[in-house]
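# Coordinates in review
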Amino acid sequence: MISTLSVLVLEEHPLHRSLAVKMLQSLGVGKVFEACEGREALALLRCKGGVDIAICDLRMHDMVFLREVWHSGLVRAVALSSDIDSGVRNTVAVMVEKLGVSFLGNLGKIFSLDWLREVLSRYDLSAVRGETLPLVTSTEMPPRDEIERALANGEFVAYFQPKVDLQDGRVLGAEVLARWQHPKRGLLGPDSFLPAIEQLGLLDQLFWQLFQQGLELQIQSPGIALAFNVHPSQLNCSRLPDNIWNRLRLYGMPATGITLEVTETGILSASPKVMESLIRLRLMGCILAMDDFGVGYSSLKRLCELPFNQIKLDASFVRGLHRGSRGYAAIGSAVSLAKSLNISLVTEGVETSEQSRHLLDLGCREAQGYLFGRPVSGAALRTAMLSRRLSVR
Ligand code: C2E
Ligand code: CA
Ligand code: CA
């Protein structure tokens, strides 16, 4: 795999540059290019038609280079070789990813061969990610009649992503994520249809279809706890808790096996009705999770006001996680917060074993992410649990 890679080293210092080039060659990287400043690098990339990875020593003038390669698509992933302040590095990482280029990490100014190999290996992961996730996305909003037909035909399917115990890998449960098995366009992710469903006021219908499929999985895999996503607007209906209660009774399932994940940004203006629904769900025994924690403006205030007993820490905190980074400090404080409130904390978006190790060091116990499993159909989840002999809590 490494022999098929093309890598550009953009480094001003001749000694550091030639060292990096030699190390890449000794690892067997297929094509290695070098440049000492942004403009030269850009001209080289235009001539060669782009590279997989650019290793950049970040300087003021290199910002222009980065912006240009993003616009032109001449680089697929970036790794830094810089000793700049970790706060600035994090912002670069976020900026790079926002523009659709993978950020592989920071090598530092002086780095070992092993560390270079590790950072390069992350490129495989990001490349594979695109191939193995057969989700189609579209900005086109499906019309009402098409969505209604899909609901009537049962085309919306529940996919399940495992939530695991970081210490021993046990599956603690799964999050239910909506997919549309479109007869012509393939498997669609929520970005392609959720906004339309919300606008058309059909979120409840979708919820009940997924809830039903979730209960069926619970019957086949007894003990598996499930987390469903609920849009805050759905909590405005005071019948939701009763309806959930009635369905659970019908199937003889305990409410303690159900988590409802509510996005924190959407409950900024929690009405008394929303609060009532949340209280009733808690009294029934359901777990209430504040989804995407840390992304909104008033996470802490909402956490004090509303009866959540789980925090789902947004995936953005895990990206670029390393000791000393701001994400590391933020996760550490979320762990302490959850401990003092006596509520659970689930970290989302864990993709590498390095992130997993850091999370364990910080005292995180529960996590979700591609490292442990992507969202899959109920049948695939059951097969994976059986074949890997993963035990359910
Ligand atoms: P979410 O609730 O924050 O769900 C997590 C999203 O992150 C999922 O995207 C999941 O596939 C993705 N993910 C999980 N692990 C990783 C990882 O390691 N790396 C990366 N890069 N991504 C990871 P998905 O399935 O596309 O869902 C997007 C959002 O759509 C969800 O975000 C949730 O807010 C919403 N959603 C999904 N299903 C439903 C539903 O049934 N009802 C409602 N109201 N919202 C839903
Ligand atoms: Ca969620
Ligand atoms: Ca989330």
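Residues numbered from 1 in each chain as written. Chains lettered and ligands numbered in written order. Predicted model: local features only at pLDDT ≥ 70, side-chain atom pairs only at ≥ 80, totals over all residues. Heavy atoms only, no water.

### So, the coordination of the calcium ion (ligand 2)
- Coordination of the calcium ion (ligand 2) by the protein involves Glu-175 (OE), Asn-229 (OD1), Glu-261 (OE) and Asp-291 (OD), with metal-donor separations of 2.1 to 2.4 Å.
- Relative accessible area serves as the criterion here: at 2%, Glu-261 is assigned to the buried category. (Donors = N, O, S within 2.8 Å, 3.2 Å for Na, K, Ca; no water. Buried < 20%, exposed > 50% of the residue type's maximum accessible area, 1.4 Å probe, protein only.)

### Section: helix H2 (residues 38–48)
- Residues of H2 that are buried include every one of Gly-38, Ala-41, Leu-42 and Leu-45, and no others. All buried residues of H2 project into a common sector of 100° when viewed along the axis, lining one side. Along H2, exposed side chains directed more than 90 degrees from the buried face belong to Arg-39 and Cys-47.
- The distance from a side-chain oxygen at the start of H2 to the backbone nitrogen of Arg-39 is 3.1 Å, and the residue carrying that oxygen is Glu-37.
- Looking one or two residues past H2, Gly-49 carries a phi angle of roughly 85°, positive in sign. (Helix = DSSP H or I, 4+ residues; strand = E, 2+ residues; numbered from the N terminus. Arc of directions from axis to C-beta. Polar contact = N/O pair within 3.5 Å; in protein donor to acceptor, adjacent residues only side chain to side chain.)

### Let's talk about helix H1 (residues 14–26)
- Relative to the 18 Å expected for 13 residues at 1.5 Å per residue, H1 spans 18 Å between its end C-alpha atoms, a close match to the ideal helical length.
- Among the residues of H1, those classed as buried are Arg-17, Ala-20, Val-21, Met-23 and Leu-24. Looking straight down H1, one finds that the buried residues subtend no more than 165° of arc, so they occupy a single side. Set apart from the buried face of H1 by more than 90 degrees, the exposed residues are Pro-14, Leu-15, Lys-22 and Ser-26. (Expected span 1.5 Å × (residues − 1).)

### Considerations on the coordination of the calcium ion (ligand 3)
- Protein coordination of the calcium ion (ligand 3) is provided by Asp-291 (OD), Asp-292 (OD), Glu-348 (OE) and Glu-348 (OE), with donor distances spanning 2.2 to 2.7 Å.
- For the calcium ion (ligand 3), the donor residues sit on a single chain with the sequence spacing D-D-x55-E.
- The two metals, the calcium ion (ligand 3) and the calcium ion (ligand 2), are separated by 4.1 Å and share Asp-291 as a common coordinating residue. One end of the pair, Asp-292, is in strand S11 (residues 287–293); the other, Glu-348, is in the loop between strand S13 (344–347) and helix H13 (353–361), and 56 residues separate them in sequence.

### Some words on the site of ligand 1
- As a structural note, the neighbourhood of ligand 1 is formed by 19 residues, with Gln-161, Arg-179, Asp-291, Glu-351 and Tyr-370 the closest of them.
- Separating an oxygen atom of ligand 1 from a side-chain N or O atom of Asn-229 is a distance of 3.1 Å.
- Relative to its free-state accessible area of 800 Å², ligand 1 is covered by the protein chains to the extent of 78%.
- Going through the elements one at a time, strand S7 (171–182) and S11 are the ones with two or more residues in the shell around ligand 1.
- Among the elements that line the shell around ligand 1, the one with the most residues is S7, at four residues.
- Looking at side-chain class alone, the shell around ligand 1 contains eight nonpolar, five polar and six charged residues. (Near = heavy atom within 4 Å. Areas by Shrake-Rupley, 256 points an atom, 1.4 Å probe, with all protein chains shown as cover. Nonpolar A, V, L, I, M, F, W, Y, C, P; charged D, E, K, R; others polar.)

### What to know about the pairing of S7
- Within S7, eleven of the twelve residues are buried, which leaves it mostly tucked inside the rest of the structure.
- Hairpin connection between strand S6 (residues 156–165) and S7: a loop of five residues separates the two successive antiparallel strands, and Gly-169 in this loop has a positive phi of roughly 75°.
- Here four bridges tie S7 to strand S9 (residues 225–230), and the two strands are oriented parallel to one another. Paired with Ala-174 across the strands is Leu-226, a residue of S9.
- Counted between consecutive antiparallel strands, the loop separating S7 from strand S8 (residues 186–188) contains three residues. (Pairing = 2+ DSSP bridges.)

### Observations concerning the sheet that holds strand S2 (residues 31–35)
- Pairing is parallel in the open sheet, where five strands are placed in the order S2-S1-S3-S4-S5. The sheet terminates laterally at S2 and strand S5 (102–106), the two strands that pair on one side only. With direction set aside, neighbouring strand axes in the sheet form an average angle of 20°.
- As paired strands, strand S1 (residues 6–10) and S2 are joined by five bridges and run parallel to one another. Considered in S2, the bridge of Val-7 is made with Val-32.
- Here H1 sits on the sheet and contacts S1, S2 and strand S3 (51–56); the angle it forms with S2, its principal contact strand, is near 175°.
- The strands touched by H2 within the sheet are S1, S2, S3 and strand S4 (75–80), with S2 carrying the most contacts at an inclination of about 145°. (Axes fitted to C-alpha atoms, helices over the stretch in contact; angles between N-to-C directions. Contact = heavy atoms within 4.5 Å.)

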